[in-house]
Structures are given as C-alpha cells and as structure tokens.
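Summary of the model geometry
In case you want the letters, here they are:
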Amino acid sequence: MNYNTGMETAQLTVPPAIKQIGETIKNAGFESYLVGGCVRDLMISREPKDWDITTNATPEEIQGLFVETFYENTYGTVGVVTESEDPRLKVVEVTPYRIESAYTNARHPDEVRFSKNLTDDLKRRDFTINAIAYDPSSGELIDLHHGREDLARRVITAVGDPHERFAEDALRMLRAIRLAAELDFAIETQTAAGIVGNASQLAKISKERIRDELTRILMSPRPMQAIYIAQKLGILKYVLPRLEDGIGIDQNQAHSYDVFEHLMRAMQCAADKNWPFEVRLAALLHDVGKPATRVWSEERKDWSFHGHEVVGARMAKDILRDLKFPKETIDAVVSLIRWHMFFSDPDTVTLSAVRRIINNVGKEHIKELLDLRICDRVGTGRPKEQPFRLRKYMSMVDEALRDPISVGMLKIDGTRLMTLGEKPGPRIGWILHALLEEVLDDPQKNTPEYLENKASSMMKMTTDELREIGEAGKERKSEEDEAAVKKLREKHHVN
Ligand code: ATP
Ligand code: MG
C-alpha cells in the first residue's frame, strides 16, 4: 500500500538483527515498519531503548514466520527472539496494526481491534514524534502527522485532538512531560491546554504506571523542569500532592527560595551530579515536613522547622507506599530524610557521633546521606561551598568504618591459647600482641598452624621475657594503626 502522495525516504542506521526481522515479514508478503520511540530516537541520533515493529500480519501469522516467539498479552504483541547478544536487541516486539477503540475510565481501550491499515495504527499513537513509521530495507518513511517537523522544532504534539487523546488515556499527559524532560523538548500549546483540561483524569490512572513515569522523570537530565511544568499544567497534585504544600512557604535566612523551589533545586543538583535514584527522590522530598512544622520565632525573628525531618520521614513513607515503590527504595529514602539534619562539623563532631549516624542510616547509605547534604546546600541558593569540611567528614566516616588493626585479625585467640595450656591472665595478651607483630611483618604467617606452633614456644618463656615482646607488639600495633589512619586521611586530602 502506498501511504504517501510522494514516497519519502531516509537512511537511518538499523542493527542487522532488526532489519532481518522486517525482511522476513516482508518476504512472506506482509508490510513491516519500525515505529514509535525507536524511529524517533534514530532521527535525533539518540540510542533507541527498544525496537518496535508494526505489521499487517496477525499474531498467528507473525508467530509462523519465526523459530522462537512468545505471545502472552492482549495487545497482539508478539515477542520475536533474535540471535543477538545485545540485551536491547534480544527480543523485538512485533505488533499488528491496531485501531483506536472506545475507552472508558480514561485508561485502557475496552477492546483491542486490529486493522489492515498502517494509517489507523499511526492515528492511535500518542505524539506526532512517536508516530513515524520507517522501513529500513527500502528507506521508506511514513510521517502522516508531521513528526519530523516537531522533532526539528523540538516540541511534543498530540496526534489529533489533544483533549480527546488525553481523555482516552490520561497517562499520556505524564508521558508528555516525561518525554519533554528526556528529550529537552517543549510541549506544544494546544497539547499543553489539553493537559490542563484533563488533569483530574490522572486520578484514575494506576499508581504503578504513575510511579514508572515519575521514576523516568527523576532519572532524566531535567527533573526540575519537568516537575515545574507538571505543577503549572495542574497534574502535580495527582502525582505528588504534598509537594505543592511547599509553594510560597518561605524559609529561614539561610535560604533564598521557598520550600518548593528548594526541593526542586536540591533534586536537580542530584540529577546534575548523576547520583542514584534514591538520592534524587530523597532530595525531592527531604523537606516535605517543613510546611507542617513551621513556627515563627519572635526572639530570633525567623522561621524554625523543629522536627521537620521526623514528620517529613513519616510523610515520605506514606507518599512512597501510596505510589507502590518497592520496600527497599522506601526504606532507603525514608531513612535519608529522617537523618538529613545530621551534625557534620568536622571540627567538633566526635568519631562516636559519626559511628552513630552510620548506624542510623546504614553503612550502605552513608555516602548517599553526604550527597544529600550537598544537594541540600546547593538547593538553598546560598551554598556555603565547604568541600574541605565535607571531605574531612568523609574521612571520619571511612575511619569509623575501618576495621582497626588489632589481635582480632589473628587466626588464633585467647580461648585457643588456654586450651593449649596457657593460664588466664596478662600473659595471654602479650602472646597475642607478639604474634600480631610477626603477622604485621609477614601476613603469610597468619595461619592457625603457624600461630599455634609459635604460641607453644612463647608459652615456655618467663613472664618478664613475654612482657617485653608483648609490649613491643602493642607499640607496633599502635604505629601501624596510626599509619593506616594517616593514609586514609591522605586519600581524602585532609592532612
Ligand atoms: P521509550 O522506549 O524511550 O520509553 P517510546 O516512545 O518507545 O519511548 P514505549 O512505551 O516503548 O515508548 O511505547 C512505544 C510506542 O507506543 C510509542 O512511541 C507510541 O507510539 C506508542 N504508545 C505508547 N504508549 C502509548 C499511549 N499511552 N497512548 C498511545 N500511544 C502509545
Ligand atoms: Mg520504546
């Protein structure tokens, strides 16, 4: 079928494994086109996340053409397994042309209807930039909704009437904002108006689908822009309603921005540094308890937010549970928020206070807590740049996490010495420290056999002789331990 008045072509680089599938379908007498995100990404030199093929063949006909396929959904999508080692090319989704059918609930189509016509399939797609079809074997390009123009203008435009399209499936509104954040595109005016008009429909969308889009927004390079737009267009209150409570909530004098903007900037800092998802999410929510805890202090003539980290941690737990985030994510983010006010002045903090914080937030999250502190500072708009002091604190964290040099490292202990015949008392400590000195000189000697042998001969020594080598061992241990700490501080450049 000829879908264009004049045939247009393009030369896009498509992996051989993908091209091959299209050729197999075409050789059997069907049509086959790449479509959706992969064509969009190829045209803007972005690496496609996955590959989708659309065809006039039925699911059964598609299955008949390939050795290994699976078909276990109601959308007609057949997974074709390729021989490629690349996980992104391993399974290619081949879907028959579909036609838009009636929607109820602003969610899923009531039934899936197949079509023999590519035109129908492109019409049901969400945005013009996602509705371009491409045949890599002929170079034929079918762009009935002017997706290329929108790619060039860098705008997200709904296919057809935006009001109708968002009323059919409310998730598309969040997809628009997510795509804009990922691609650094704007949302076209009528499309944006369609979002404003349908925002409340998002309440009908499942929390899991909202969570997945929110996750991709946070992992994009521009989450701040995306959340601002979501707020402006009226859909933020269906995604993270408690965030809006921070709008217009002024803070104390250390801050330039209200609570909402502070959270945005802190989250953007985490994205700019390419920090993990948990840090971005914690940065976005860390002060969510501030609006509820704000109190004016006449004495200091300033606002205070006592206990906002406790209230905020509780609120974050409810918010993230409601969005069905996995338990590990919730636990990590809630604990980062709970402890984000930790005291970090390296001049006055003690090693045991540092140990307590590590204990509270967990060894595996302490680096994230420090990252969150950096985001928090940057997000004030008046960051006191203190890289030296944070490095010093990090060095203390390493020191607290380190296993100190001690007789505990030995493959022998006091109990064993007693079963070998030594009596309880100071001699045991001296023997162990003398053994430790040997092991520090030559770690190869740290075996039960060697140490037991050596201990047996030491046990024959007089108490004076033992005291001498034992005390020497203790001194050596302290020196080595100090040297280890010194090395660690050098690593952080804080010496
Ligand atoms: P990416 O793969 O980078 O997430 P994508 O645009 O390919 O982006 P997918 O979720 O893989 O997104 O969807 C593939 C295609 O299916 C889209 O490009 C679009 O044409 C169509 N599509 C996906 N979701 C919808 C929807 N809710 N409404 C209409 N069309 C959709
Ligand atoms: Mg895709």
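Residues numbered from 1 in each chain as written. Chains lettered and ligands numbered in written order. Predicted model: local features only at pLDDT ≥ 70, side-chain atom pairs only at ≥ 80, totals over all residues. Heavy atoms only, no water.

Before going further, it helps to spend a moment on the site of ligand 1. Taken together, 15 residues lie near ligand 1, and Arg40, Asn130, Asp169, Arg172 and Arg216 sit nearest. Glycine 37 places a polar main-chain atom, nitrogen or oxygen, 3.1 Å from an oxygen atom of ligand 1. A distance of 2.9 Å is found between an oxygen atom of ligand 1 and a side-chain nitrogen or oxygen belonging to arginine 40. With the chains in place, 82% of the 580 Å² that ligand 1 exposes on its own is no longer accessible. For the shell around ligand 1, the secondary-structure elements that each account for two or more residues are helix H2 (37-43) and helix H8 (171-183). (Near = heavy atom within 4 Å. Polar contact = N/O pair within 3.5 Å; in protein donor to acceptor, adjacent residues only side chain to side chain. Areas by Shrake-Rupley, 256 points an atom, 1.4 Å probe, with all protein chains shown as cover. Helix = DSSP H or I, 4+ residues; strand = E, 2+ residues; numbered from the N terminus.)

On to the domain arrangement of the protein chain, then. We note that the domain assignment places domain 1 (7-153), domain 2 (162-239), domain 3 (241-401) and domain 4 (407-491) within the protein chain. Here the C-alpha centre of domain 4 lies 70 Å away from the C-alpha centre of domain 1. (Domains from an automatic or database assignment.)

Counting residues in each nonpolar core, the largest one holds 106 residues, and the members touching the most others are Leu34, Trp51, Ile156, Ile187, Ile235, Leu240 and Leu243. Tallying contributions element by element places H8 first for this core, with nine residues. Here isoleucine 235 is in contact with Met173, Leu174, Ile177, Ile195, Ala199, Leu202 and Ala230, once residues within four sequence places are set aside. Of all hydrophobic cores here, the second largest spans 18 residues; its members include Ile405, Ile428, Leu432 and Leu466. (Core = buried A, V, L, I, M, F, W, Y, C linked by side-chain atoms within 4.5 Å. Buried < 20%, exposed > 50% of the residue type's maximum accessible area, 1.4 Å probe, protein only. Contact = heavy atoms within 4.5 Å.)

Opposite charge on two side chains permits pairing when their charged atoms draw close. Taken as a whole and judged by the stated rule, the model has 44 salt bridges. A salt bridge links arginine 172 to glutamate 168; the nearest nitrogen and oxygen atoms lie 2.8 Å apart. Residue glutamate 168 is classed as buried on the basis of its relative accessible area of 17%. Put simply, aspartate 347 and lysine 392 hold a salt bridge, and the shortest N to O gap is 3.3 Å. Residue aspartate 347 is located in the loop between helix H16 (327-338) and helix H17 (351-361), and its partner lysine 392 is located in helix H19 (residues 387-401); the two are separated by 45 residues in the primary sequence. What makes aspartate 347 exposed here is its relative accessible area of 52%. Through salt bridges with shared partners, a single ionic network connects Arg165, Glu168, Asp169, Arg172 and Arg209. (Salt bridge = Lys/Arg side-chain N within 4 Å of Asp/Glu carboxyl O.)

So, about the packing of aromatic side chains. Inspection of the entire model under this criterion finds four aromatic pairs. Ring plane angle 75 degrees and centroid distance 5.1 Å describe the contact between tryptophan 296 and tryptophan 303, whose orientation is recorded as edge-to-face. The exposure class assigned to tryptophan 303 is partly exposed, which follows from its relative accessible area of 24%. Between phenylalanine 342 and tyrosine 393 the ring centres are 5.5 Å apart and the planes differ by 55 degrees, which places this aromatic pair in the tilted class. Taken together, the residues span a long stretch of sequence, with phenylalanine 342 in the loop between H16 and H17 and tyrosine 393 in helix H19 at a distance of 51 residues. Summarising the burial analysis for this pair, phenylalanine 342 and tyrosine 393 share the class buried. The positively charged end of lysine 290 is found above the aromatic ring belonging to phenylalanine 305, 4.8 Å away from the centroid. Positioned above the aromatic ring of tryptophan 339 is the side chain of arginine 338, whose terminal nitrogen or guanidinium carbon lies 4.1 Å from the ring centre. (Phe/Tyr/Trp six-rings, centres within 6.5 Å; stacked < 30°, edge-to-face > 60°. Lys NZ or Arg CZ within 6 Å of the ring centre and 35° of its normal.)

Turning next to H16. For H16, with twelve residues, the first-to-last C-alpha span of 16 Å sits near the 16 Å given by 1.5 Å per residue. Where H16 is concerned, the buried positions are Thr329, Ile330, Ala332, Val333, Val334, Ser335, Leu336 and Ile337. Where H16 is buried, its residues touch helix H13 (277-285), helix H15 (308-322), H17 and helix H18 (366-378). (Expected span 1.5 Å × (residues − 1).)

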